[in-house]
Each structure stands twice: as structure tokens, then as C-alpha cells.
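A closer look at the structure
The lines below spell out each chain.
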Amino acid sequence: MNILKVIFTSILSVIALFIITKLMGHKQVAQLDFFDYVCGITIGSIGAELATELEEPLQPLIALVIYCIASLLLSLASHKLPRTRKYINGTPTILFNSGKLYRKNLKQAKIDLSEFLLLCREQGYFDLDEIQTAVFEHNGKLSILPKAASRPVTPMDLKITAKATHIGTELIMDGRIMGENLSRCGRDKKWLNEKLRLQGYDSARDILLGIYQKETDTLSLYPLS
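The following paragraphs examine the structure supplied in this document. All of these numbers come straight from a predicted model, not from anything done at the bench. (Residues numbered from 1 in each chain as written. Predicted model: local features only at pLDDT ≥ 70, side-chain atom pairs only at ≥ 80, totals over all residues. Heavy atoms only, no water.)

Thoughts on the overall build of the chain
Counting its regular elements, the chain contains nine helices and eight strands. A globule of 225 residues ought to have a C-alpha radius of gyration of about 17 Å, yet the chain, at 26 Å, is considerably larger. For the chain, the spread of C-alpha atoms along the three principal axes comes to 70 × 60 × 35 Å. Looking at the 225 residues of the chain, the share that counts as buried comes to 26%. Just so you have it, the chain exposes about 16,100 Å², and 60% of that area is on carbon and sulfur atoms. The centroid of the 27 positive side-chain charges in the chain is displaced by 8 Å from the centroid of its 23 negative side-chain charges. (Helix = DSSP H or I, 4+ residues; strand = E, 2+ residues; numbered from the N terminus. Rg over C-alpha atoms; globule rule 2.2 N^0.38 Å. Buried < 20%, exposed > 50% of the residue type's maximum accessible area, 1.4 Å probe, protein only. Areas by Shrake-Rupley, 256 points an atom, 1.4 Å probe, with all protein chains shown as cover. Lys, Arg positive; Asp, Glu negative; His and termini not counted. Charge placed at Lys NZ, Arg CZ, Asp CG, Glu CD.)

Section: a nonpolar patch on the surface
A contiguous nonpolar patch, built from Ile3, Leu4, Ile7, Ile11, Ile15, Phe18, Ile19, Leu23 and Leu72 and spanning about 890 Å² of accessible area, is present on the exposed surface. No other element matches helix α1 (residues 2-24), which puts eight residues into the nonpolar patch. (Patch = residues over 30% accessible without salt bridge, like charges linked within 9 Å, V, L, I, M, F, W, Y side chains within 5 Å. Salt bridge = Lys/Arg side-chain N within 4 Å of Asp/Glu carboxyl O.)

Quick notes on the pairing of strand β3 (residues 131-136)
Among the six residues in β3, five count as buried, and that is most of the element. Bridging between strand β1 (residues 93-97) and β3 involves four bridges; their strand directions are antiparallel. Looking across to β3, one finds that Asn97 is bridged to Thr133. Pairing of β3 with strand β4 (residues 142-146), which is carried by five bridges, proceeds in the antiparallel orientation. Note on β4: the bridge partner recorded for Phe136 is Leu142. Where β3 folds back on β4, the antiparallel hairpin that results is connected by five residues, among which Gly140 adopts a positive phi of roughly 90°. (Pairing = 2+ DSSP bridges.)

A word on the layout of surface pockets
It is the rolling of a water-molecule-sized probe over the atoms that shows where space remains empty. The space that makes up the largest pocket amounts to roughly 270 Å³. Contributing to the lining of the largest pocket are Asn89, Gly90, Thr91, Thr93, Gln108, Ala109, Lys110, Phe136, Glu137, His138, Asn139 and Gly140. Partitioning the lining of the largest pocket into residue classes produces two nonpolar, eight polar and two charged. (1 Å grid on protein atoms, 1.4 Å probe; cavity = no way out; pocket = protein on both sides within 12 Å on 5 of 7 lines; lining within 4 Å. Points joined across faces, edges and corners; volume = space filled by probe spheres on them. Nonpolar A, V, L, I, M, F, W, Y, C, P; charged D, E, K, R; others polar.)

A short note on the sheet that holds β4
If you walk across this open sheet you meet the four strands as β2-β1-β3-β4, and the pairing is antiparallel. Of all the strands in the sheet, the pair left with one neighbour each is β2 (100-101) and β4.

Here we look at helix α4 (residues 58-80)
The terminal C-alpha atoms of α4 lie 32 Å apart, and with 23 residues this matches the ideal 33 Å at 1.5 Å per residue to within 8%. Among the residues of α4, those classed as buried are Pro60, Leu64, Cys68, Ser71 and Ser78. (Expected span 1.5 Å × (residues − 1).)

Thoughts on the nonpolar core
Looking at soluble globular proteins, one finds that nonpolar side chains tend to be buried together. In this structure, Leu95, Ile111, Phe116 and Leu142 are the most contacted members of the largest nonpolar core, which totals 14 residues. Breaking this core down by element, the ones donating at least two residues are β1, α7 (113-122), β3 and β4. The contacts of Leu142, once residues within four sequence positions are left out, are Leu95, Phe116, Leu119, Cys120, Gln123, Ala134, Val135 and Phe136. Among the nonpolar cores identified, the runner-up in size contains twelve residues, and Ile172, Leu192, Leu196 and Leu221 belong to it. (Core = buried A, V, L, I, M, F, W, Y, C linked by side-chain atoms within 4.5 Å. Contact = heavy atoms within 4.5 Å.)

As for the packing of aromatic side chains
The tally for this structure, following the rule as stated, stands at two aromatic pairs. Here the aromatic rings of Trp191 and Tyr212 are separated by 5.1 Å at their centres, their planes lie at 80°, and the arrangement is edge-to-face. Residue Trp191 is located in helix α9 (residues 189-198), and its partner Tyr212 is located in strand β7 (residues 207-213); the two are separated by 21 residues in the primary sequence. Here the two residues Trp191 and Tyr212 agree in accessibility, since each one is buried. (Phe/Tyr/Trp six-rings, centres within 6.5 Å; stacked < 30°, edge-to-face > 60°.)

Structural notes on the pattern of salt bridges
The final tally for this structure, using the stated rule, is three salt bridges. Across the pair Arg197 and Glu194 runs a salt bridge whose closest N-O atoms are separated by 2.5 Å. Here Arg197 pairs with Glu194, and both are found in helix α9, just three residues apart, close to one helical turn.

Points about the sheet that holds strand β5 (residues 169-173)
An order of β6-β5-β7-β8 is seen for the four strands of this open sheet, with the pairing classed as antiparallel. Two strands lie at the open edges of the sheet, namely β6 (176-177) and β8 (218-223), each paired on one side alone. In this sheet, β6 lies alongside β5 in antiparallel orientation, the contact comprising two bridges. Residue pairing for β6: Ile172 is matched across the bridge by Ile177.

Without other data, these values stay purely geometric and don't point to any function.
Right, here's the structure in full:
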């Protein structure tokens, strides 16, 4: 009987966590701020408790729902009431600008000089003289604006008109032809088989991934190893 209860509570935990994470959106993974981080850890902990709570699984389930509602309400408030964003999400803090380090802002962001230099190096800046402005974002990331002399050269700098590029379309994945993508590109299986033959392959089953670039009419193939 206990085994059946464990199975039931585990399935209930999986379903509850799946629904909650879908409701809370991808920000929970991609753009974690401090509250999202704490809330995510807490929800995961309650979900684990729900999976092993055999006597009263309703209690952790209610706690999960409350945390989900709280997170959704705060997210809604930050979208509908812009003035609340600085209280809910925090505000960006300038740590370095025009050769000057702001010690007060470093303390406010709870970052010491060693951590600041580490964050700079992680973005490829080993010399502060290459940096115009460094901003510590509310999600804990450091945004860096390099000095004009240190910025990469762009086609605009060279007064060159660059051709637009587009995302490639997967026509073959795991040895299978993606028929819908093939039709969207205005191609058919006969054309695809001809492209495969020209590159020395007998069948799509030999290809792990095939990506088509429409603007250049090229098919990049990555064979199965």
C-alpha cells in the first residue's frame, strides 16, 4: 500500500511542478533574478516533499499553489505597474564608467573588486582601459560597453553593405527527413536526394543533421558517426 501511495504522490508532484513551471514561464530558467532564484529553489523543495508525503499530500500541494500565485502576482505587477519594477526586480547599478570605479555601488551590489574583475574577465576584458561602462544588472549579470577603439569592426564601420542572413532550416534530423520543413522551403524529396548524392551519401538515414540555407541554396550535412 505504501508503494502505491509513493507512486501516487510522486506522479502528483510531477504534474503539479509541470503545470506550475508552465504557468510561471521560461523566465524561471532564462532570466533568474533574486526572487525567481529563491522561489525556484523553494518550489523544487516543496515538490520533493510532496513526492514523499504519504499522510497529507494536500499540504505541500497547497504550498506549491501559493508560491505559484505569489510569483505570478509579482510578475503581473511588474508588467502592469512599471513603478513597482525597481522594488520587485531591482535596478541596474553602474560599477565602472569612464575610468572610474564606484566603490559605493560595488558595496550596494555586494561585489568586491576581485569579483568585479572576475566578471570582466569572463566577458573577455582583462584590461579595464578597454571598458567604457560596466553595469551590474538586477539578474546578477555584468553588462559591459567597450570603448570605441576596443569594439569589433562592423560592416557599417567599413561602409560595406552586408547581405541579410537567416536561420537555417533543419531538413534532416536523426536520419529522418523533416517533410514539413522541406515543403516550407519549396523543396521536395527528389531535390533532397540529389543533394545527398552530390555530397556522397546514399540516403538520409546516413545523416545525423542536415541544415538548409535558403539564401545561398546550400545544404550542410553532418553524418552519423
